[in-house]
Amino acid sequence: MTNPYVPLLIMGAVALLVSLGGLGASAILGPKQRSKVKAQNYECGIDPGPQRIEDGRFPVKYYLVAMTFIVFDIEVVFLYPWAVTFADVGVFGLISMVLFIGLITVPFIYELRREGLDWT
């Protein structure tokens, strides 16, 4: 009988090999030309330097889209196990999942009212 940690060690070694191989390949095969424009930070298409007062606030639409993605992601992560064990959890599981979905809709309603999902 083998040690139960051997598959974990093999997986870790393969992950290390793939990551180091990707870094090495990009260092060897990647472009070598550096420029001032490529070295600058890029933040959502807005120049990170000092802004004029007339420019207004930083648009929060980027953050709303990111938060929507996170909320969807968390919802899916919790809905998969519930869907798999739906027959076993009974009424308590059904009530708790309805409560969870109800609470998850609150950020969506907030974002819809703030017109965060309008792409125009």
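So, how was this worked out
Residues numbered from 1 in each chain as written. Predicted model: local features only at pLDDT ≥ 70, side-chain atom pairs only at ≥ 80, totals over all residues. Heavy atoms only, no water. Helix = DSSP H or I, 4+ residues; strand = E, 2+ residues; numbered from the N terminus. Buried < 20%, exposed > 50% of the residue type's maximum accessible area, 1.4 Å probe, protein only. Contact = heavy atoms within 4.5 Å. Areas by Shrake-Rupley, 256 points an atom, 1.4 Å probe, with all protein chains shown as cover. Expected span 1.5 Å × (residues − 1). Phe/Tyr/Trp six-rings, centres within 6.5 Å; stacked < 30°, edge-to-face > 60°. Lys, Arg positive; Asp, Glu negative; His and termini not counted. Salt bridge = Lys/Arg side-chain N within 4 Å of Asp/Glu carboxyl O. UniProt positions renumbered as here; feature names shortened; annotations may be inferred. Axes fitted to C-alpha atoms, helices over the stretch in contact; angles between N-to-C directions. Parallel < 35°, antiparallel > 145°, perpendicular 65-115°, else oblique. Bend = angle between axes of the 7 residues up to and from the residue.

(A) Expanded view of the overall build of the protein. Counting its regular elements, the protein contains four helices and zero strands. Starting at the N terminus and ending at the C terminus, the protein contains elements arranged as α-α-α-α. Each of the 120 residues in the protein was classed as buried or not, and the buried ones make up 8%. Expressed as a percentage of contacts within the protein between residues at least 6 apart in sequence, the contacts between residues at least 24 apart total 56%. A total of about 10,900 Å² of accessible surface is found on the protein, and carbon and sulfur atoms cover 71% of it.

(B) Up close: helix α1 (residues 6–29). Between its first and last C-alpha atoms α1 spans 34 Å; for 24 residues at 1.5 Å apiece the expected length is 34 Å, and the two agree. Among the 24 residues that make up α1, zero are buried, leaving the element largely open to the surroundings.

(C) Examining the packing of aromatic side chains more closely. Enumeration according to the criterion identifies three aromatic pairs in this entry. The interplanar angle of 75° and the centroid separation of 5.4 Å between the aromatic rings of F78 and F100 together place this pair among those described as edge-to-face. In this pair, F78 sits in helix α3 (residues 61–84) while F100 sits in helix α4 (residues 86–113), placing the two residues 22 residues apart along the sequence. With a centroid separation of 5.2 Å and an interplanar angle of 80°, the aromatic rings of W82 and F86 are classed as edge-to-face.

(D) Inspection of the side chain of T68 at higher detail. Within the secondary structure layout, T68 lies in helix α3. Given a relative accessible area of 8%, T68 falls into the buried group. When neighbours within four sequence positions are excluded, T68 is seen to be in contact with F108, E111 and L117.

(E) Examining the side chain of E75 more closely. In this fold, E75 is placed in helix α3. Here E75 is buried and forms no salt bridge, its nearest opposite-charge partner R113 lying at an N-O distance of 18 Å. Among all residues touching E75, those that are not within four sequence positions of it are F100, I101, I104 and F108.

(F) The arrangement of the UniProt feature "transmembrane region" (unreviewed entry) in the protein in detail. Those places that UniProt annotates as "transmembrane region" (unreviewed entry) correspond, in this numbering, to residues 6–29, 62–83 and 89–110. Between the first and last C-alpha atoms of residues 62–83 the distance is 31 Å; the span itself is 100% helix and 0% strand. Secondary structure across residues 89–110 comprises 100% helix and 0% strand; the distance between its end C-alpha atoms is 31 Å.

(G) Here's a closer look at the packing of α3 against α4. One way to put it is that α3 packs onto α4 with a least axis distance of 10 Å and a crossing angle of 170°. Regarding the angle of α3 to α4, the classification is roughly antiparallel. Here L64, V65, T68, V71, F72, I74, E75, F78, L79, W82, A83 and V84 of α3 lie close against α4, whose contacting residues are F86, V89, G93, L94, M97, F100, I101, I104, F108 and E111.

(H) Inspection of α4 at higher detail. For α4, which comprises 28 residues, the first-to-last C-alpha distance of 33 Å sits more than 12% below the rise-based estimate of 40 Å (1.5 Å per residue). Along α4, the sharpest kink reaches roughly 75°, centred on F92. Looking only at α4, the buried set comprises G93, M97, I104, F108 and E111. Close packing links the buried residues of α4 with α3.

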